[in-house]
2 protein chains.
Amino acid sequence: MALTQDTGTLINNMLNGDVRSLSRLMTLVEREPDLVPRIMKDVYPHRRPARRVGLSGPPGAGKSTTLGNLIKRGVEAGRKVGVLCIDPTSPLTGGAILGDRIRITEMFPADKVFIRSVASGDSLGGLAAATKLHALLLEAAGCDLVLIETVGLGQVGYDITDVAETFILLVVPESGDTVQILKSGIIELADIVVVNKADRDGAGEIAETLRLSFMEPRHGWSIPVIMSVAREDKGTDEIMDALKRHLFYLREDGRLASFRSPDHDFINAVSFFIKRTLNREFLATHPVFKSFHEKIMCGDMDPYSAAAIAMNTILGQEKQ
Amino acid sequence: MALTQDTGTLINNMLNGDVRSLSRLMTLVEREPDLVPRIMKDVYPHRRPARRVGLSGPPGAGKSTTLGNLIKRGVEAGRKVGVLCIDPTSPLTGGAILGDRIRITEMFPADKVFIRSVASGDSLGGLAAATKLHALLLEAAGCDLVLIETVGLGQVGYDITDVAETFILLVVPESGDTVQILKSGIIELADIVVVNKADRDGAGEIAETLRLSFMEPRHGWSIPVIMSVAREDKGTDEIMDALKRHLFYLREDGRLASFRSPDHDFINAVSFFIKRTLNREFLATHPVFKSFHEKIMCGDMDPYSAAAIAMNTILGQEKQ
């Protein structure tokens, strides 16, 4: 009961611009999933879709510096900026790589820029489910620019297109990881590619290689390859310009409306509750799954056939 | 109809040791999810749980060489070895980093060692759902040692504990990525840590740092830190020994039985079908979700409250 009151107060305070309440709510949706519907009921109607931009790249590519540059441009343009930093951190301790974050936080006024680290290592797999909720909270709190930074290669990169409308991939010359990125498929998810540390040897070559491989527009969007020197704030204007052009493209294309539609969040919400529910105990006791569970355990049925039939029963699917 | 016959023939051939049929079935479960129940129905009963070992580490840590050493020991011990290499590859093209794989493949007889690259970049998030199916196919095909290699940091690392009983993490001295790994939480998922390229400067220090941080046993298991020079096959015996000890630990602890129990596969199977089913069209047309979908779209309800109630209705949960 006290909790309900607390949540309501926190939400009111957050809507009135209180940063501590925003922070507390973010922690609540991470740690108390039971509270999520109650919180979202009051938060979601206040949410206005922000410009959501994802940023990824290998360690040492200059993600934090680039992030700082983008935040600065946002603040200068009068925007309220929310930043989510997703680290490949521990599902056990939740520890995060914080150094760069603290530096960025100290650069900007707290009422203009809100920065939050999120541990990607939840047990649910993929980008932390909490990230989607955090983005919604930032939007309800009035952020009109939400930047989402993820570290390194791997699965995190793929999921980012589910949270960010535009995905910027950062690479640097002379990095083994960059070679790995170029060989791998993550490059194909990028909407904008930035070759940072462009004053180094090999930057021009990498940019040229990338430009050649992006000659063909993808769904009508020609992926720009931008050279930057983030430490000197060089190339930031070009990135901002590319972001504007990509937003225009997304709008024309209908993708923006689709991305920002509430049924996109509905999918996320249903996944969220399914992942919370699905465990051995649930399968062993749920009215429909129970009998299949027994058959599986005594070897009368294989798990995949059982799951297919059980899901048909529960969801009323017509699939063969 | 022809497809059904084909599948049956493929399975029979696979059970009789035909490698091409195994390969074809792996492709089928990846590309034709509708066939999964039919395939698993005939495959699953033939499956005998193999020793499943995961191997991960940053690019350049010597994963492929270490993998080669482990395969060699397995073959020498008369085992049939299945290897799954999970690359951070494209969800669009499915392209993979193949060089090392081909070299390893050529080192061993095809009837003793089966190697398969799997693209991690499926749209489902997390470790490719196909990986779990591939491991089951390898087991049905008679592999009693299944090695699963993943590249780099990121989410892939976490999910590996869902497919592998024992997780070996490889690090190397003087790598920025290693520092990243040590700072990050992935290290806490490791059951065995290997400091490869141990003839390099700084190897002893890293090993010592790791040993100190692993002083406390975790759930009764003391994580060994092994120094290796994979290119010279040094340290492989120590890794094999640690694998044996960890298997013994898992058995004593009850975790092995739990991991190998069919209801572990049941969870994977249910997730597999849910992920396939869940999309906007499904939510807009399913008898239960439809009315919520309408309310969400016109702003009468937020997606998370709707999802919570809909899931309660469908699954008959008693959750608040």
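Residues numbered from 1 in each chain as written. Chains lettered and ligands numbered in written order. Predicted model: local features only at pLDDT ≥ 70, side-chain atom pairs only at ≥ 80, totals over all residues.

Trainee: It is not clear to me how the overall build of chain A should be interpreted in this structure. Could you clarify?
Mentor: Along its length, chain A carries 15 helices and 7 strands. Across chain A, every contact between residues at least 6 apart in sequence was considered, and the portion connecting residues at least 24 apart equals 72%. (Helix = DSSP H or I, 4+ residues; strand = E, 2+ residues; numbered from the N terminus. Contact = placed C-beta atoms within 7 Å.)

Trainee: Would you take a moment to explain helix α10 (residues 236-253) of chain A for this structure?
Mentor: Since the α-helix packs 3.6 residues into each turn, any two residues three or four apart lie on the same face. Residue and element names in this part refer to chain A. An ideal rise of 1.5 Å per residue puts 26 Å on 18 residues; α10 measures up with 25 Å between its terminal C-alpha atoms. Within α10, the full set of buried residues consists of T236, I239, A242, L243 and H246. One face of α10 carries all of its buried residues, which in axial projection span an arc of 110°. Turned more than 90 degrees from where α10 packs its buried face, K244, F248, R251 and E252 sit exposed. For α10, the elements touching its buried residues are β1 (51-56), α4 (63-76), β5 (166-171), β6 (192-195) and β7 (225-227). (Expected span 1.5 Å × (residues − 1). Buried ≥ 20, exposed ≤ 12 C-beta atoms within 10 Å, placed from the backbone. Arc of directions from axis to C-beta.)

Trainee: Would you take a moment to explain the pairing of strand β1 (residues 51-57) of chain B for this structure?
Mentor: Put simply, side chains in a regular strand alternate between the two faces of the sheet. All names here are of chain B. Counting buried residues in β1 gives 6 out of 7 residues, a clear majority hidden from the surface. Here 4 bridges tie β1 to strand β5 (residues 166-171), and the two strands are oriented parallel to one another. Paired with S56 across the two strands is L169, which belongs to β5. (Pairing = 2+ DSSP bridges.)

Trainee: What am I meant to see in unusual backbone geometry here?
Mentor: Negative phi characterises most residues that are not glycine, and trans characterises most peptide bonds. Residue and element names in this part refer to chain A. The backbone of K197 sits at a positive phi, close to 55°, despite the residue not being glycine. Here K197 lies in the loop between β6 and α9 (203-213). Of note in this structure, H219 is not a glycine but carries a positive phi near 50°. Structurally, H219 can be placed in the loop between α9 and β7.

Trainee: So what exactly am I meant to see when it comes to the environment of E232 of chain A here?
Mentor: Looking at the element boundaries, E232 of chain A is found in the loop between β7 and α10. The spatial distance from the C-alpha of E232 of chain A to the C-alpha of L138 of chain A is 29 Å, given a sequence separation of 94 residues.

Trainee: Sorry, what's going on with the packing of helix α12 (residues 262-277) of chain A against helix α14 (residues 287-297) of chain B here?
Mentor: Helices that pack against each other are described as a pair by the angle of their axes relative to one another and the distance between those axes. Put simply, α12 of chain A and α14 of chain B touch, their axes get as near as 9 Å, and they point 135° apart. Taken together, α12 of chain A and α14 of chain B sit at an angle that is classed as oblique. Two packed elements cross with a definite hand, and for α12 of chain A against α14 of chain B that hand is right-handed. Side by side, α12 of chain A and α14 of chain B meet where P262, D263 and F266 of chain A of the first sit next to H293, I296 and M297 of chain B of the second. Class assignment for the residues of the contact of α12 of chain A with α14 of chain B results in 4 nonpolar, 1 polar and 1 charged. (Axes fitted to C-alpha atoms, helices over the stretch in contact; angles between N-to-C directions. Parallel < 35°, antiparallel > 145°, perpendicular 65-115°, else oblique. Left-handed = near helix turned anticlockwise from the far one by under 90°. Nonpolar A, V, L, I, M, F, W, Y, C, P; charged D, E, K, R; others polar.)

Trainee: What am I meant to see in the environment of A308 of chain A here?
Mentor: Within the fold, A308 of chain A resides in helix α15 (residues 303-315). Counting along the chain gives 254 residues from A308 of chain A to G54 of chain A, while the straight-line C-alpha distance between them is 36 Å. Discounting residues that sit within four places of it in the chain, A308 of chain A has contacts with P37 and F273 of chain B.

Trainee: Help me understand the pairing of strand β6 (residues 192-195) of chain B, please; the structure alone is not making it clear to me.
Mentor: Residue and element names in this part refer to chain B. With burial as the criterion, each face of β6 is covered, one bearing I192 and V194 and the other bearing V193 and V195. Note: β5 against β6, 4 bridges, orientation parallel. Looking at the pairing, L170 lines up with V194 of β6. Sheet topology note: the β6/strand β7 (residues 225-227) ladder contains 3 bridges and is parallel.

Trainee: Quick question: what am I supposed to make of the environment of K41 of chain B here?
Mentor: For K41 of chain B, the position within the fold is in helix α3 (residues 36-43). On the basis of neighbour count, K41 of chain B is assigned to the partly exposed category, with 17 C-beta atoms found within 10 Å. Contacts of K41 of chain B, omitting those with residues within four sequence positions, involve D302 and S305 of chain A.

The analysis is restricted to geometry; functional conclusions fall outside its scope.
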